[in-house]
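Survey of secondary and tertiary structure
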There are 2 protein chains.
Amino acid sequence: MKQKISTQAISGFPEYLPDDQLALAKLKKTIEDVYRSFAFMPLDTPLLERREVLLSKAGGETEHQIYFLDKGEEQLALRFDLTVPLARYVSEYAKQITFPFKRYQIAKVYRGERPQRGRFREFYQADIDTVFEGVLPLSADAEIIKVIIKVFERLEVGPFTVKISNRKLLNGLLADLKLIDKGPEIMRILDRLPKVGASVVTEDLLALGVSEEAGKRILELTTIKDNVLENLEKLAINHPDFIIGLAELREVADCLADYGISSDSYAFDLSIARGLDYYTGTVFETFLNDHAELGSICSGGRYENLVSGFGDGSFPGVGASIGLSRLYYQLKESQLLADNSDAVADALVISSSRSQGEALADKLRARGLRVAGSYGPEKLKKKMALANKWRVKEVYFLEEQELAKEEVAIKDMISGEQKNYPLKDFAL
Amino acid sequence: MKQKISTQAISGFPEYLPDDQLALAKLKKTIEDVYRSFAFMPLDTPLLERREVLLSKAGGETEHQIYFLDKGEEQLALRFDLTVPLARYVSEYAKQITFPFKRYQIAKVYRGERPQRGRFREFYQADIDTVFEGVLPLSADAEIIKVIIKVFERLEVGPFTVKISNRKLLNGLLADLKLIDKGPEIMRILDRLPKVGASVVTEDLLALGVSEEAGKRILELTTIKDNVLENLEKLAINHPDFIIGLAELREVADCLADYGISSDSYAFDLSIARGLDYYTGTVFETFLNDHAELGSICSGGRYENLVSGFGDGSFPGVGASIGLSRLYYQLKESQLLADNSDAVADALVISSSRSQGEALADKLRARGLRVAGSYGPEKLKKKMALANKWRVKEVYFLEEQELAKEEVAIKDMISGEQKNYPLKDFAL
């Protein structure tokens with residue numbers, strides 16, 4: 001007896017039913033449309049990278065999460081993000097690329113971590129980056145933030161805030177306090193601030209050997225919420241990193257204002273310097289105001305040199321990444337995607353005449369509509385059930401009675417209203 | 001000393017420069033737009049499948065071309081086509097899917113074959129299938145053929161012909177001649193007909209033990225070029241398979257005529273029954289009239305039961321597949337893609353005022369344009385060079401002189417003409 005082959009989805013590899021397929025495709029398209037509207041170009045790189053390319057950039061846990069392949073002379077592996085392929089691409093083709101190189105990539109990445117709710121082994125990332133050769137102006141940072149704000153406005157996820165900081169500010173203070181070597185540990189402690197509160201953080205800093213006075217100054221910096229730029233100025237920290245960081249933050253603020261971005265959409269917040277070793281200046285994270293529990297739904301920032309480790313030359317960049325599969329999962333779980341699913345078709349043409357029905361369908365398609373035709377002998381009830389399942393907006397009837405009068409009856413599937421129109425109105 | 005990491009593309013894994021990236025993205029989008037205009041829905045499945053799922057469907061060479069992964073409890077591998085994932089998906093979710101299930105998938109597949117010109121290890125396929133539960137009408141076959149014709153019309157690849165056959169015709173004749181057990185060998189011999197000619201084929205058939213008379217009848221069937229339906233009728237082959245096959249071919253012909261498809265775009269041709277073991281009725285291949293040497297650029301057909309081997313129930317289907325990466329390679333090699341590359345941006349706004357320039361850019365974006373802004377101190381020459389490299393169609397100047405007159409100067413980058421317009425015309 002033949003053993004049954006399992007056709008179930010593989011754990012950690014999300015697979016969606018048709019309605020979710022349509023909703024996710026729409027989500028991807030919305031993000032892509034916004035990215036493209038700002039003249040970012042699509043970049044597609046192979047899913048497989050050389051083992052050494054990935055290992056050279058995979059820090060800590062990531063290294064153990066790489067999927068390697070067992071075939072061929074070359075040792076290949078599945079990419080774990082879209083930044084390493086971008087870095088390799090820019091390094092390899094720097095002479096053939098026009099800078100600023102503004103690219104987006106919406107594609108799958110792989111991390112063999114233990115699957116858990118909302119964590120996947122295969123997932124989409126929607127990345128956007130501006131890479132330059134030479135000095136990249138800070139307006140590029142503001143542009144990336146603007147694009148991300150436009151994406152979340154278009155996705156209609158409710159009120160959100162892009163929290164913006166600059167790594168040089170905390171670094172400047174730590175240097176001033178002679179604590180720069182304790183930087184990573186301090187950041188890890190600060191990272192827990194929203195969860196554990198200021199007193200626990202103070203104790204932890206003391207335990208690390210940070211003086212009470214220094215701990216106070218660090219907390220003071222990272223907990224400013226109002227009039228951030230003015231209050232940062234008042235701290236009168238004179239380390240050059242701090243001064244440059246503040247100037248950069250101010251320039252990003254000016255640029256966002258010039259770019260017509262309402263200050264409702266973003267806030268300066270120095271508590272978000274966390275975790276992002278990679279970044280060197282501007283950093284930001286994005287939160288839904290009413291769903292802070294979801295964590296950041298889009299993070300990004302500026303890096304000094306994208307290709308470091310791969311090649312010569314200096315290619316500064318700024319970018320952002322949306323964890324699309326996770327975002328979709330979260331929006332769905334939190335019922336923030338109420339009825340965001342797309343229709344399979346805009347219109348269904350039901351006709352007893354295959355040729356006249358399809359001629360009408362073709363005319364509607366030429367107008368940009370997605371149109372299905374139904375010219376078979378099935379019962380009307382069955383055809384209307386299909387129209388409903390496909391979320392069709394309009395049904396066009398071209399049956400004997402309409403054809404006799406050279407009319408077409410159009411039923412609006414949302415209001416339920418039906419009205420006749422002269423067929424000649426639909427001539428091309 | 002640190003060893004240099006290779007950033008080169010991996011052999012067999014195509015990687016494109018920006019212009020090709022844009023052209024390929026446009027090609028994909030055109031195909032997707034046509035697929036969607038006929039109300040086919042997007043399907044996205046994981047790139048990895050269980051080892052046993054792939055092995056159960058991989059015949060012959062394909063089995064040795066599968067990329068297996070070395071991680072985790074489950075044995076996973078990269079898909080080698082998009083049909084196996086579709087079969088698994090339909091089998092697993094049959095109860096939750098609405099039939100007809102009309103889906104497309106434009107995605108990468110993997111075959112670890114020796115790379116050669118125009119043959120890739122990672123490549124895109126653009127598949128379209130209609131799957132039914134029960135009896136699938138032949139109009140579905142005609143619809144798939146129509147969609148493929150519309151795709152190649154939209155791609156402007158020059159004149160092409162979809163060659164259509166039905167496997168039941170040759171099978172009927174072979175059954176009539178008591179040669180059905182030699183079917184696969186006979187097809188392999190016939191496959192070489194265009195290359196080696198009729199006399200070699202006749203000899204090969206004789207050598208296989210096919211009588212001269214039988215060989216003549218087989219060649220007679222497979223070389224009819226004109227009035228194919230009438231001439232097939234005249235052959236007076238009475239095997240039921242042949243009679244059914246002819247009726248099916250006739251129905252597809254009637255339906256294509258009803259669907260408004262010019263007979264310039266397709267031809268009935270019984271020589272193409274080859275190779276496609278998989279298919280059981282309608283089969284077709286697509287050739288460029290002036291570039292027959294490229295071989296078929298899109299093949300497809302009807303299969304009795306998609307899920308056979310995976311599950312219960314009968315799910316007949318009909319579909320087609322475009323080997324996109326190969327097609328792009330061929331079109332480019334044959335210079336049939338003259339200037340099909342897309343622009344990075346439709347417009348570039350050059351302004352000395354970041355706020356006014358970006359306000360104009362946002363208005364153009366709201367009209368659906370892809371717009372880049374350039375508000376920095378770089379020289380005009382440098383900005384115009386960027387506009388050219390990005391293939392921008394229009395440059396909007398909003399410099400001091402235009403701002404003073406509340407005008408905008410628009411330069412048409414194709415004609416070179418430049419004209420001033422009142423800025424208020426661009427109010428939203």
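Values in this document were obtained by computation on a predicted structure and should not be read as measured data. (Residues numbered from 1 in each chain as written. Chains lettered and ligands numbered in written order. Predicted model: local features only at pLDDT ≥ 70, side-chain atom pairs only at ≥ 80, totals over all residues. Heavy atoms only, no water.)

A separate point is the pattern of salt bridges. Summed over the entire model, instances satisfying the criterion amount to 58 salt bridges over all chains. The salt bridge partner of Lys29(B) is Asp33(B), with a shortest N-O separation of 2.8 Å. Of the two residues, Lys29(B) and Asp33(B) are both situated in helix 1 (residues 18–37); the distance of 4 residues between them amounts to about one turn of the helix. The class of Asp33(B) is partly exposed, set by a relative accessible area of 31%. Put simply, Arg36(A), Asp342(B), Asp346(B), Arg370(B) and Lys393(B) are held in one network by salt bridges that share partners. (Salt bridge = Lys/Arg side-chain N within 4 Å of Asp/Glu carboxyl O. Helix = DSSP H or I, 4+ residues; strand = E, 2+ residues; numbered from the N terminus. Buried < 20%, exposed > 50% of the residue type's maximum accessible area, 1.4 Å probe, protein only.)

Let's shift gears to the sheet that holds strand 6 (residues 160–166) of chain B. Residue and element names in this part refer to chain B. Read from one edge to the other, the open sheet built from 8 strands follows the order 1-4-5-10-9-8-6-7, with strand pairing classed as mixed. Whereas interior strands pair on both sides, the edge strands pair on one side only; in this sheet they are strand 1 (41–42) and strand 7 (266–268). Two strands pair when backbone bridges link them, and strand 4 (residues 101–110) and strand 5 (residues 122–131) are joined in this way by 10 bridges, in the antiparallel orientation. For Val109, the partnering residue across the bridge sits in strand 5 and is Phe123. Its contacts with the sheet place helix 5 (residues 139–155) against strand 4, strand 5, strand 6, strand 7, strand 8 (282–288), strand 9 (298–303) and strand 10 (317–323), and it is angled at close to 20 degrees to strand 10. Packing against the sheet, helix 12 (residues 240–258) makes contact with strand 6, strand 7 and strand 8, and its axis sits at approximately 145 degrees to strand 6. (Pairing = 2+ DSSP bridges. Contact = heavy atoms within 4.5 Å. Axes fitted to C-alpha atoms, helices over the stretch in contact; angles between N-to-C directions.)

Overlaying chain B with chain A gives an RMSD of 0.0 Å, the required rotation being 180 degrees about an axis along which the chain moves by 0.0 Å. Both copies are brought into coincidence by an operation consistent with a two-fold rotation axis. Of the C-alpha atoms belonging to chain B, the one lying closest to the rotation axis is found on Leu69(B), 2.3 Å away. A shared interface surface links the copies, since 100% of the contact residues of chain B are contact residues in chain A too. (Least-squares fit on C-alpha atoms with pLDDT ≥ 70 in both.)

A word on unusual backbone geometry. Trans is the prevailing form of peptide bonds, just as negative phi is the prevailing case for residues other than glycine. At the junction of Phe99(A) and Pro100(A), the peptide bond is cis and its omega measures out at 0 degrees in the coordinates. As for its position among the elements, Pro100(A) is in the loop between helix 4 (83–93) and strand 4 (101–110). A positive phi is found at Glu156(A), a non-glycine position, where the angle reads about 50 degrees. Positionally, Glu156(A) belongs in the loop between helix 5 (139–155) and strand 6 (160–166). Taking relative accessible area as the criterion, Glu156(A) reaches 65% and is therefore assigned exposed. A positive phi is found at Lys178(B), a non-glycine position, where the angle reads about 55 degrees. Residue Lys178(B) is classed as exposed on the basis of its relative accessible area, which comes to 71%.

Time to look at the interface of chain B and chain A. Taken residue by residue, the interface counts 92 residues in chain B and 92 residues in chain A. In this structure, the connection of chain B to chain A is made through 16 salt bridges. Here Arg354(B) and Asp258(A) are joined by a salt bridge, their closest N and O atoms 3.1 Å apart. Taken together, the links from chain B to chain A amount to 40 residue pairs in polar contact (both at pLDDT 80 or more). With 7 residues, the single largest contributor to the side of chain B that touches chain A is helix 1 of chain B. Its residues assigned to classes, the side of chain B that touches chain A comprises 45 nonpolar, 17 polar and 30 charged. (Polar contact = N/O pair within 3.5 Å; in protein donor to acceptor, adjacent residues only side chain to side chain. Nonpolar A, V, L, I, M, F, W, Y, C, P; charged D, E, K, R; others polar.)

In this section: helix 6 (residues 167–176) of chain A. All names here are of chain A. Burial analysis of helix 6 places 8 of its 10 residues in the buried class, which makes it a mostly covered element. Taken together, the buried residues of helix 6 touch strand 6, helix 7 (183–191), helix 10 (212–222), helix 11 (228–234), helix 12 (240–258) and strand 8 (282–288). Where helix 6 begins, the capping side chain belongs to Asn166, and its oxygen is found 2.9 Å from the backbone nitrogen of Lys168. Where helix 6 terminates, the next one or two residues include Lys178, which has phi positive at roughly 55 degrees.

Turning next to the pairing of strand 5 (residues 122–131) of chain A. For a regular strand, side-chain orientation follows a simple rule: the groups alternate between the two sheet faces. All names here are of chain A. Across the 10 residues of strand 5, 10 count as buried, placing the element largely inside the fold. Residues of strand 5 alternate between two faces, with Glu122, Tyr124, Ala126, Ile128 and Thr130 on one and Phe123, Gln125, Asp127, Asp129 and Val131 on the opposite face, all of them buried. One ladder, built from 7 bridges, connects strand 5 with strand 10 (residues 317–323); its direction is antiparallel. Considered in strand 10, the bridge of Asp127 is made with Ser321.

As for its position among the elements, Thr7(B) is in the segment before helix 1. A polar atom in the side chain of Thr7(B) sits 2.6 Å from the side chain of Glu92(A). Excluding residues that lie within four positions of it along the chain, Thr7(B) makes contacts with Arg50(A), Arg88(A), Ser91(A), Glu92(A) and Phe310(A).

Topologically, Lys405(B) is positioned in the loop between helix 16 (400–404) and strand 14 (407–412). In this structure the C-alpha to C-alpha distance between Lys405(B) and Leu423(B), which are 18 residues apart in sequence, comes to 8.8 Å.

It is worth spelling out the environment of Lys182(B) at this point. Residues and elements named next belong to chain B. Among the secondary structure elements, Lys182 is positioned in the loop between helix 6 (167–176) and helix 7 (183–191). A relative accessible area of 24% places Lys182 in the partly exposed class. Once the C-alpha coordinates of Lys182 and Tyr124 are considered, the two residues, 58 residues apart in sequence, prove to be 35 Å apart. Contacts of Lys182, omitting those with residues within four sequence positions, involve Leu208, Gly209 and Val210.

It is worth spelling out the sheet that holds strand 5 of chain A at this point. Residue and element names in this part refer to chain A. Pairing is mixed in the open sheet, where 8 strands are placed in the order 1-4-5-10-9-8-6-7. Each edge of the open sheet is held by one strand with a lone partner, namely strand 1 (41–42) and strand 7 (266–268). Bridge count between strand 6 and strand 8: 7 bridges; the pairing is antiparallel. Bridge assignment links Thr161 to a residue of strand 8, and that residue is Phe287. Helix 12 contacts strand 6, strand 7 and strand 8 of the sheet and is inclined by roughly 145 degrees relative to strand 6.

On to helix 13 (residues 324–333) of chain B, then. Considered for burial, the residues of helix 13 of chain B that qualify are Leu324(B), Ser325(B), Leu327(B), Tyr328(B), Gln330(B) and Leu331(B). Against helix 1, strand 4, strand 5, helix 5, strand 8 and strand 10 of chain B lie the buried residues of helix 13 of chain B.

So, about the confidence of the model for chain A. Atomic detail in the predicted coordinates should be set aside for any region of low pLDDT. Summarising the model, chain A shows a mean pLDDT of 92, and 96% of its residues fall at 70 or more. Reported confidences for the modelled complex are a pTM of 0.95 and an ipTM of 0.94. (pLDDT = per-residue confidence, 0-100.)

What follows is about the packing of helix 6 of chain A against helix 7 of chain A. All names here are of chain A. At a minimum axis separation of 11 Å, helix 6 and helix 7 run at an interaxial angle of 120 degrees. Our classification of the angle between helix 6 and helix 7 gives oblique. Handedness of the crossing formed by helix 6 with helix 7: right-handed. The segment helix 6 lies against helix 7, with Arg167, Leu170, Asn171 and Leu174 engaging Gly183, Ile186, Met187 and Leu190. Considering only residue class, the contact of helix 6 with helix 7 consists of 5 nonpolar, 2 polar and 1 charged. (Parallel < 35°, antiparallel > 145°, perpendicular 65-115°, else oblique. Left-handed = near helix turned anticlockwise from the far one by under 90°.)

Looking now at the nonpolar core. Counting residues in hydrophobic clusters, the biggest one holds 137 residues, and the most contacted among them are Tyr35(A), Val90(A), Phe101(A), Phe152(A), Leu232(A) and Ile322(A). Tallying contributions element by element places helix 5 of chain A first for this core, with 10 residues. Filtering out sequence-adjacent residues up to four positions away, Phe152(A) remains in contact with Val157(A), Phe160(A), Thr286(A), Ile297(A), Cys298(A), Ile322(A) and Leu327(A). Leu360(A), Tyr375(A), Ile148(B) and Val228(B) belong to the second-largest nonpolar core, a separate cluster that totals 136 residues. (Core = buried A, V, L, I, M, F, W, Y, C linked by side-chain atoms within 4.5 Å.)

Further remarks concern the state of the cysteines. Residue and element names in this part refer to chain A. With the rule as written, the count across this model stands at 0 disulfides over all chains. Here Cys255 stays unpaired: no disulfide links it, and the sulfur of Cys298, its closest cysteine neighbor, is 18 Å away. For Cys255, a relative accessible area of 0% puts it in the buried group. Residue classification places Cys298 among the buried residues on the basis of a relative accessible area of 1%. (Disulfide = S-S within 2.5 Å.)

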